[in-house]
Amino acid sequence: MSSVLTDLCRYPIVQAPMAGGGSCPRLVAAVAEAGGLGFLAAGYKTADGMYNEIEQQRGLTGRPFGVNLFMPQPHLADPSAVEVYRHQLADEAARHETPLDAPDSGGDDGYEAKLAILLEDPVPAVSFTFGCPTRDTIDAFAGVGTYTIVTVTTPEEAQAAQWAGADAVCVQGVEAGGHQSTHSDDPQTDGTGIGLLSLVAQVRETVQVPIIAAGGLMRGSQIAAVLAAGAEAAQLGTAFLVCPESGANPLHKQALTNPLFVRTALTRAFSGRPARGLVNRFMREHGPYAPAAYPQVHYLTAGLRKAAAKAGDAQGMALYAGQGHRMARELPAGRLIGLLVEELDAARAAVSTGSTQ
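The numbering scheme is per chain: residues are counted from 1 as the chain's sequence reads. Note on the predicted model: pLDDT of at least 70 is required for a residue's local features to be given, and 80 or more for side-chain atom pairs to be given and counted; whole-chain, interface and lining totals, by contrast, use all residues. Excluding hydrogens and water, the side-chain figures rest on all heavy atoms present in the structure.

Secondary structure elements follow DSSP: runs of H or I of four or more residues count as helices, runs of E of two or more count as strands, with numbering from the N terminus. Assigned secondary structure in the protein chain consists of 15 helices and eleven strands. With C-alpha atoms as the basis for the radius of gyration, the globule rule is written as 2.2 Å multiplied by the number of residues raised to the power 0.38. Relative to a compact globule of 357 residues, whose C-alpha radius of gyration would be 21 Å, the protein chain shows 19 Å and is just as compact. The dimensions of the protein chain, computed from C-alpha atoms along their principal axes, are 65 × 45 × 40 Å. Counting across all 357 residues of the protein chain, residues that qualify as buried make up 56%. Look at the contacts in the protein chain between residues 6 or more apart in sequence, and 69% of them connect residues 24 or more apart. Summed over its atoms, the accessible surface of the protein chain is roughly 14600 Å², and 52% of this surface lies on carbon and sulfur atoms. Neither His nor the chain ends is counted toward charge; the positive residues are Lys and Arg and the negative residues Asp and Glu. To locate a charge, the coordinates of NZ of Lys, CZ of Arg, CG of Asp or CD of Glu are taken. Positive and negative charge centroids in the protein chain, built from 25 and 35 side chains respectively, lie 8 Å apart. Note on exposure labels: buried denotes an accessible area under 20% of the residue type's maximum, exposed denotes more than 50%, and partly exposed covers the range between, all computed with a 1.4 Å probe on protein chains only. Residues count as neighbours in contact if any of their non-hydrogen atoms are within 4.5 Å of one another. Per-residue and other accessible areas follow the Shrake-Rupley method at a 1.4 Å probe size, with only the shown protein chains counted as cover for residues.

What makes a salt bridge here is a side-chain nitrogen of Lys or Arg within 4 Å of a carboxyl oxygen of Asp or Glu, nothing more. Tallying each qualifying case throughout the model produces 14 salt bridges. For E53, the salt bridge identified is with K45, shortest N-O distance 3.8 Å. Assessed through its relative accessible area of 15%, E53 is described here as buried. The salt bridge partner of R86 is E83, with a shortest N-O separation of 3.8 Å.

Here a cavity means grid points, on a 1 Å grid over the protein atoms only, where a 1.4 Å probe fits yet cannot get out; a pocket means an open set of points with protein on both sides within 12 Å along at least five of seven lines; lining residues are those with an atom within 4 Å of a point. Grid points are joined across faces, edges and corners, and a volume is the space filled by probe spheres set on the points. Of the voids in this model, the second largest pocket is the one considered here, and its volume is about 370 Å³. Lining the second largest pocket are 21 residues, and of these T182, T189, D190, T192 and G193 sit closest to its centre. When residue character is reported, Ala, Val, Leu, Ile, Met, Phe, Trp, Tyr, Cys and Pro are called nonpolar, Asp, Glu, Lys and Arg charged, and the others, Gly included, polar. Residue classes in the lining of the second largest pocket are distributed as four nonpolar, twelve polar and five charged.

A pair of cysteine sulfur atoms is labelled a disulfide when the two atoms are within 2.5 Å. Across all of its chains, the model carries zero disulfides by this definition. Cysteine C24 is unpaired, with the sulfur of C243 as its nearest cysteine sulfur at 10 Å. C132 takes part in no disulfide bond, and the closest cysteine sulfur, belonging to C170, lies 13 Å away. A residue is classified by how much of its surface remains accessible, and C132, at 23% relative accessible area, is partly exposed.

Moving on, we get to the packing of aromatic side chains. Two aromatic rings, drawn from Phe, Tyr or Trp (for Trp, its six-membered ring), form a pair once their centres lie within 6.5 Å of each other, and the interplanar angle then sorts them: stacked below 30 degrees, edge-to-face above 60, tilted otherwise. In the structure shown here, the tally under the stated rule is six aromatic pairs. Each ring, one from F130 and one from Y294, has its centre 5.3 Å from the other, and the planes form 65°; the classification is edge-to-face. Of the two residues, F130 sits in the loop between β4 (125–129) and α7 (135–143) while Y294 sits in the loop between α13 (281–286) and α14 (296–310), which places them 164 residues apart along the sequence. In this structure, F130 and Y294 share a single accessibility class: buried. Pairing F270 with Y320 gives two aromatic rings, centres 6.3 Å apart and planes at 90°, and the pair type is edge-to-face. In this pair, F270 sits in the loop between β10 (264–267) and β11 (275–278) while Y320 sits in the loop between α14 and α15 (333–356), placing the two residues 50 residues apart along the sequence. Residue classification places F270 among the buried residues on the basis of a relative accessible area of 2%. By the ring-pair criterion, three or more aromatic residues cluster together here, those being Y44, F70, F130 and Y294.

Packed helix pairs are specified by the crossing angle of their axes together with the interaxial distance, meaning the distance between the axes. Comment: axis = line fitted to C-alpha atoms, over the contacting stretch for helices; angle = value between 0 and 180 degrees taken between N-to-C directions. Across the interface, helix α3 (residues 47–60) lies against helix α6 (residues 111–120) with an axial gap of 9 Å and an inter-helix angle of 30°. It follows that α3 is roughly parallel to α6 by the angle criterion. Crossing geometry of α3 relative to α6 is assigned as right-handed. Residues A47, M50, Y51 and I54 of α3 form the contact with α6, whose participating residues are A113, K114, I117 and L118. Residues of the contact of α3 with α6, tallied by class, amount to seven nonpolar, no polar and one charged. For classification, angles of less than 35 degrees are called roughly parallel, those exceeding 145 degrees roughly antiparallel, those between 65 and 115 degrees roughly perpendicular, and all remaining angles oblique. Helix crossings fall into two classes, left-handed where the near helix is turned counterclockwise from the far one by less than a right angle and right-handed where it is turned clockwise.

See the structure below:
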């Protein structure tokens, strides 16, 4: 790993920020204590809520950790398309006897207020999702000693992040669970994402900054593969989602290894932006009609998703997961990192042995 990444974590393993509850101080602390780099997810939280989690985090561990921010989104959604989708969800609302939430909750996710807190009271690392911050913002973080990472899905986005001065890029392959972190939301590109190994190789030839690889990684042998392809570290989300320290809903955790859920798919059904999750009834029934309208659809369906979880209805929840979800291991986060490191070392040793024969 690069010298700065080495200062942040002992092993080349990053726990992905999982907005919506998966990432929490307890999980991040367990990852950090085991030698990885954990990320809190500031997305969908207020600035005060983010600050409170950071304070909890500092009370649990003195080791480095990161915070992930959502970039403000342009107001491109067609209100009439959102209204049509609202009517299509009427049966879902009746099923759970809950009203649909207001879709017009804004698209900036409290970005400026969160920036102000993180610049006044810095954390070791900050990553960005759904776009690239300005050079002034990245320079400001550099001035307070914060390591900056921009999540990218194409070589062009990686190049833009390097031009803006980012310290590293998190290269997200199409296999990744949760939202695809494209810098622009173009429905015409749905389903055209690049696989992780190919993407890492392309980005490695495009930029000089360190690469963190993300997308469907569940085993140490896969970490070895992305490191060999040019990454400095690997980011795993779904692998940590089932850990007891994770804040994910128990139904979500159970679904990851439940044979009823056999595959994942990208959908706009829950948020209006492409996100990979376990295929369930909600996705099948509503995915084909969901408009490109983020975060409006996210807020529109929020009450439905909460009601489904309360009712124990996994078929009505957003079960975000990467393509490797069936390989999830229900282990404490520290033990999982230890096992991943053992697998990584074994994979490297096997390659080394083979090269000397």
